[in-house]
Amino acid sequence: TIPAGFSALIQKLIDLRAPPERLFEAAGIVREKIIPAAGGTLSLDVLQPDIVKLLVMSNHKEEALQESRVWLHICATSSLPQAIELVTYAFKSADGNLARANAFLRFQKFGPAGEDKQKGTADDIEDPFGKIPPLADPARRARWTSIMATLPSDWTGYRSRANIYLYLDDHAQAFEAMRRAFE
């Protein structure tokens, strides 16, 4: 279980200006605390923002963007506003300006067709995450692949696999698992 006040301890570590290598190490420890929950995202919703903050503060800003995308795609509906806020924080931190953060917010509001809702016009919006490579973490993939091997081969198992693939930032496999869940 996640200890009460865990996020407060992470914030204290950041506030005390711990060295970047310690913050990055802490991000790894927090990643290990994310556990599978039967169809739920509780540990992810609690811990993923801490991981992003630790990565930003340890100057692993591209990885922070990748982790913020993960949370955006898998968070509970009730956490969506916080996930959007975290993504904009990650973009602002990575770039030192608001350009991609604002583009992300426009993309969320209007989609790729832009404000006029017609594809192929001047106001079309490119997804700011489009040029950010998927998260590459072999240890994370190995851990969660072994967990997926234990899941049933029914719709609930494939739905859980889809969520895990989103957590692995592998959207193609997530789509395939969700398609299998609906078969």
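Structural data are supplied above this passage.
Read on for an overview of the structure. Quick caveat, the model's predicted, so the values are computed rather than measured. The residue numbering used here restarts from 1 in each chain and proceeds along that chain's sequence as written. Reporting of local features is limited, given that this is a predicted model, to residues whose pLDDT is at least 70; pairs of side-chain atoms are given and counted only at 80 or more, and all residues count toward the totals for whole chains, interfaces and linings. Note that the side-chain values use all heavy atoms of the structure and ignore hydrogens as well as water.

## Concerning the overall build of the protein chain
(1) Moving on: Numbering of helices and strands starts at the N terminus; helices are DSSP runs of H or I of at least 4 residues and strands are runs of E of at least 2. Of the regular secondary structure elements, the protein chain holds nine helices and zero strands.
(2) Moving on: When its helices and strands are written in sequence order, the protein chain yields α-α-α-α-α-α-α-α-α.
(3) Moving on: Here the globule rule is a power law, 2.2 Å times the number of residues to the power 0.38, and the radius of gyration is based on C-alpha atoms. Computed over the C-alpha atoms, the radius of gyration of the protein chain is 17 Å, within 12% of the 16 Å expected from 2.2 N^0.38 for a compact globule of 183 residues.
(4) Moving on: Projected onto its principal axes, the C-alpha positions of the protein chain cover 50 × 50 × 30 Å.
(5) Moving on: With a 1.4 Å probe rolled over the protein chains alone, any residue whose accessible area is under 20% of its type maximum counts as buried; one over 50% counts as exposed, and the rest are partly exposed. Counting the 183 residues in the protein chain, one finds 42% classified as buried.

## Considering the pattern of salt bridges
(1) Moving on: Any Lys or Arg side-chain nitrogen found within 4 Å of a carboxyl oxygen on Asp or Glu counts as a salt bridge. Applying the stated criterion across every chain yields a total of 11 salt bridges.
(2) Moving on: Residue Arg141 pairs with Asp170 through a salt bridge whose shortest N-O separation is 3.3 Å. Taken together, the residues span a long stretch of sequence, with Arg141 in helix α7 (residues 138-148) and Asp170 in the loop between α8 (155-167) and α9 (171-182) at a distance of 29 residues.
(3) Moving on: Given a relative accessible area of 17%, Asp170 falls into the buried group.
(4) Moving on: Taking the shortest distance from any N to any O, the salt bridge between Glu183 and Arg180 comes out at 3.6 Å.
(5) Moving on: Of the residues examined, Glu183 reaches a relative accessible area of 65% and is grouped as exposed.
(6) Moving on: Several salt bridges converge on common partners, so that one network encompasses Arg31, Glu63, Glu67 and Arg140.

## Describing helix α6 (residues 99-110)
(1) Moving on: Here a helix's expected span is defined as the number of its residues, less one, multiplied by 1.5 Å. Helix length check: α6, at 12 residues, gives a terminal C-alpha distance of 16 Å against a target of 16 Å (1.5 Å per residue), a fit within 8%.
(2) Moving on: The set of residues buried in α6 consists of Ala101, Ala103, Phe104 and Phe107. Buried positions in α6, seen along its axis, are confined to an arc of 160 degrees and lie on one side of it. Here the arc refers to the set of directions running from the helix axis out to each C-beta atom.

## A few points about the packing of aromatic side chains
(1) Moving on: Here the aromatic set is Phe, Tyr and Trp, taking the six-membered ring for Trp, and pairing holds for ring centres within 6.5 Å; pairs whose planes are under 30 degrees apart are stacked, those over 60 apart are edge-to-face, and all others are tilted. For the coordinates displayed, the defined rule picks out four aromatic pairs.
(2) Moving on: Both rings, one in Phe91 and one in Phe104, keep their centres 6.0 Å apart while their planes meet at 40 degrees; by these two values the pair is tilted. Here Phe91 is found in helix α5 (residues 80-95), whereas its partner Phe104 is found in helix α6, with 13 residues between them in sequence. Residue Phe91 shares its accessibility class with Phe104, and that shared class is buried.
(3) Moving on: Arranged with centres 5.1 Å apart and planes meeting at 40 degrees, the rings of Phe91 and Phe129 form a pair that is tilted. Of the two residues, Phe91 is situated in helix α5 and Phe129 in the loop between α6 and α7; the sequence distance between them amounts to 38 residues. Like Phe91, the residue Phe129 is buried in the burial classification.
(4) Moving on: Site record: aromatic cluster; members linked through ring pairs are Phe91, Phe104 and Phe129.
(5) Moving on: The positively charged end of Arg140 is found above the aromatic ring belonging to Tyr167, 3.8 Å away from the centroid.
(6) Moving on: Any Lys NZ or Arg CZ found within 6 Å of a ring centre and within 35 degrees of that ring's normal is scored as a charge over the ring. The cationic tip of Arg161 hangs over the ring face of Tyr158; the distance from NZ or CZ to the ring centre is 4.7 Å.

## Concerning the packing of helix α4 (residues 61-74) against α5
(1) Moving on: Interaxial distance between α4 and α5 falls to 9 Å at its minimum, and their mutual angle equals 165 degrees. On the basis of the axis angle, α4 is roughly antiparallel to α5. Relative to α5, α4 is oriented so that their crossing is left-handed. Along its contact with α4, which presents Lys61, Ala64, Leu65, Ser68, Trp71 and Leu72, the element α5 presents Leu80, Gln82, Ala83, Ile84, Leu86, Val87, Ala90, Phe91, Ser93 and Ala94.
(2) Moving on: Side-chain classes follow a simple rule in which Ala, Val, Leu, Ile, Met, Phe, Trp, Tyr, Cys and Pro form the nonpolar group, Asp, Glu, Lys and Arg form the charged group, and the remainder, Gly included, forms the polar group. The residue makeup of the contact of α4 with α5, split by class, is 12 nonpolar, three polar and one charged. The axes used here are C-alpha line fits, helices contributing only the stretch in contact, and every angle between their N-to-C directions lies in the interval 0 to 180 degrees. Working rule for angles: under 35 degrees goes down as roughly parallel, over 145 as roughly antiparallel, 65 to 115 as roughly perpendicular, anything else as oblique. Should the near helix be turned anticlockwise from the far one by less than a right angle, the crossing is termed left-handed; should it be turned clockwise, right-handed. When checking whether two residues touch, look at their non-hydrogen atoms; a contact exists if any pair is within 4.5 Å.

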